[in-house]
Amino acid sequence: MDFDVLVIGAGPGGYHAAIRAAQLGLKVACAEMGAVGGVCLNIGCIPTKALLHAGETIANTRHAADFGLSYGPATLDIAKMNGWKDGIVKKLTGGVAGLFKANKVTHLVGQASFIDANTVKIGDKTYTASSFIIATGSEPATLKGLDVDQVAIVDSTGALNVPDPVPARMLCVGGGVIGFEFAHIYNNLGSKVKVIEFLPNIIPGADADAVKEFGKIMKKQGIEIVTRMKANSAQKQADGVHVELENVETGEKTTEVFDRVLVAVGRRPRTAGLNLEAAGLKATERGFIEVNTRMQTGVPHIYAVGDVAGNPMLAHKAMKEGLVAAEVIAGKPSEQDAVAIPGVVYTSPELAWVGLTEQEAIDKGYKVKTGLFPMSASGRAMTLQSTEGFVKMVVEEGTDLLLGVHIVAAHASDLLGEAGLALEMAATASDVALTIHAHPTLGEAVLEAAESVHKQAIHIVNR
Ligand SMILES: Cc1cc2nc3c(=O)[nH]c(=O)nc-3n(C[C@H](O)[C@H](O)[C@H](O)COP(=O)(O)OP(=O)(O)OC[C@H]3O[C@@H](n4cnc5c(N)ncnc54)[C@H](O)[C@@H]3O)c2cc1C
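Keep in mind it's a predicted model, so treat the numbers as computed, not measured.

Cut-offs applied
Residues numbered from 1 in each chain as written. Predicted model: local features only at pLDDT ≥ 70, side-chain atom pairs only at ≥ 80, totals over all residues. Heavy atoms only, no water. Helix = DSSP H or I, 4+ residues; strand = E, 2+ residues; numbered from the N terminus. Near = heavy atom within 4 Å. Polar contact = N/O pair within 3.5 Å; in protein donor to acceptor, adjacent residues only side chain to side chain. Areas by Shrake-Rupley, 256 points an atom, 1.4 Å probe, with all protein chains shown as cover. Nonpolar A, V, L, I, M, F, W, Y, C, P; charged D, E, K, R; others polar. Axes fitted to C-alpha atoms, helices over the stretch in contact; angles between N-to-C directions. Parallel < 35°, antiparallel > 145°, perpendicular 65-115°, else oblique. Left-handed = near helix turned anticlockwise from the far one by under 90°. Contact = heavy atoms within 4.5 Å. Pairing = 2+ DSSP bridges. Phe/Tyr/Trp six-rings, centres within 6.5 Å; stacked < 30°, edge-to-face > 60°. Buried < 20%, exposed > 50% of the residue type's maximum accessible area, 1.4 Å probe, protein only. Lys NZ or Arg CZ within 6 Å of the ring centre and 35° of its normal. Expected span 1.5 Å × (residues − 1).

(A) Seen up close, the environment of Ala 377. For Ala 377, the location among the structural elements is in the loop between β20 (368-374) and α10 (379-383). For the pair Ala 377 and Ile 460, spaced 83 residues apart in sequence, the C-alpha to C-alpha distance is 6.9 Å.

Okay, structure coming up:
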């Protein structure tokens, strides 16, 4: 065999798997047909967060006058912003390539395709390995009638290239995490943004109260949100993209004109070109590769991790699964048994959650108590000019066991680390409340939300 482990795909799942396998003494190769770092580093998490930061900084300039800081209206050099974003991506992907070298992971360039269960073909070469980890990720789902040209009608990859001038009228088709992050970016950069969502609620999967609060804040920032609405078709004309919209309840159709349309209606797993059948594998109807908690497919020495192995399609889930697969191959008793996988919308404020929503907890048969602490009562939030949102805690009545934490607040994604650890440690609301949190910090809102479960929060009137 050429290698102990051959990883296919160098996204978060693949590069974590490759590096951990190498750390554990295995002879590792990682095949990548595109750029090292995968979707997350190149066209996902990192560039979106860079643009979100740029947009947020512009928005913040408008509030600085409140504390006496004034300067002329902010002007934006779009080419420079795009270049700055691309520079971060380059630095991070270069970092992964450097880590491969340092860990002696052989980087194979090209598309890997199975010849049999122990052999893949890359270009005109073949490589054998004792184990494989498939980490081929996902790609944007398409929508019939809306043909992506990456200029006027874009998917998330096209949307990362902010045009100059910024589109005056922007439509985001899909009110999920990606749709809202781009809506927020373009809204802050000066576009008039409309988000349409087919379902009755935006950000499916998040807690209903948190989503309501989040939607209210996004609307206040100027984003138009319409639910139960779909886009049937989009035609490019001289004055813009004409989009036929349909109210899915009444069937009423209207045509509106936009300068840019983003299609963000989900992602689908990517197995094309892998020739799975030759390895004795078959994707499910929805295109995923089925795995057990040790990330093994139906062919035990072939593993699958990340977006291609199932929902939620998140980088940190892919990373964890990559580590598990590598550790199992190295003979460790490793397993993917996370209590909860956090979710974040990186707008400002952020919407972030971990664990069960109130409804999910009720559906699972828990008798539920909730606590809520508004950021408007947080001293730290006031000093940061970020008093919108709240921390909501879902707790089992009687046992006081923490079931879920839902946050709409500045830096909610960072506050989530504590909540995630609490869930993994099977903490009670009292455990969180008894932990001394530094003052003044946004994290105190997590403590006070836990106190509020017991009607003993200090900085609000408990009802
Ligand atoms: C706009 C956007 C923003 C996002 N923001 C976030 C975020 O903030 N936080 C978060 O957690 N997640 C985010 N995600 C999701 C995140 O990017 C994915 O969950 C993550 O990249 C999945 O990692 P992966 O390793 O499974 O696959 P990918 O990152 O998709 O990587 C798969 C790699 O495999 C390669 N490949 C595929 N087939 C082959 C083959 N046959 N041979 C060789 N190579 C192959 C591909 O070229 C690719 O590089 C975002 C996604 C998008 C699109």
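From this point on, the discussion continues.
(B) A look at the site of the ligand. Within the structure, the ligand sits among 39 residues, and Gly 13, Glu 32, Lys 49, Asp 307 and Ala 315 are positioned closest to it. In this structure, Glu 32 approaches the ligand through a side-chain N or O atom, which is 2.6 Å from an oxygen atom. The backbone of Ala 112 places a nitrogen or oxygen atom 2.9 Å from a nitrogen atom of the ligand. For the ligand, whose free accessible area comes to 1000 Å², the fraction covered by protein is 95%. Broken down by secondary-structure element, the contributors of at least two residues to the shell around the ligand are α1 (12-23), β2 (28-32), α2 (38-43), α3 (45-63) and α8 (315-329). Counting residues per element, the shell around the ligand draws most heavily on α2, which supplies four residues. Looking at the shell around the ligand residue by residue, the classes come out as 18 nonpolar, 16 polar and five charged.

(C) Geometry of the packing of α1 against helix α4 (residues 78-102). Following both chains from N to C, one finds α1 and α4 inclined at 25°, their axes separated by 10 Å at the closest point. With respect to α4, the axis of α1 lies roughly parallel. Crossing hand, α1 versus α4: left-handed. Listed contacts from α4 to Tyr 15, Ala 18 and Ile 19 of α1 are Val 96, Leu 99 and Phe 100. Its residues assigned to classes, the contact of α1 with α4 shows six nonpolar, no polar and no charged.

(D) Highlighting the pairing of strand β14 (residues 253-258). Bridge count for strand β13 (residues 240-247) against β14 is six bridges, and the pairing is antiparallel. The partner of Val 241 across the bridge, within β14, is Phe 258.

(E) Local environment of the packing of aromatic side chains. For the coordinates displayed, the defined rule picks out three aromatic pairs. Between Phe 3 and Tyr 127 the ring centres are 6.3 Å apart and the planes differ by 40°, which places this aromatic pair in the tilted class. With a gap of 124 residues between them, Phe 3 in strand β1 (residues 3-8) and Tyr 127 in strand β6 (residues 125-134) connect regions that are remote in the sequence. Taken individually, Phe 3 and Tyr 127 each receive the classification buried, so the pair is uniform in this respect. The positively charged end of Lys 27 is found above the aromatic ring belonging to Phe 3, 5.4 Å away from the centroid. A cation over an aromatic ring shows up here: Arg 228 above the ring of Phe 198, its NZ or CZ 5.7 Å from the ring centre.

(F) Molecular detail of helix α11 (residues 412-424). In a regular helix each residue adds 1.5 Å, so 13 residues correspond to 18 Å; α11 covers 18 Å between its end C-alpha atoms and thus fits that length. In this structure, the buried residues of α11 make contact with β18 (343-345), β19 (350-355), β22 (402-409), α12 (429-434) and α13 (444-453). One or two steps after α11, the chain reaches Ala 426, where phi turns positive at roughly 55°.

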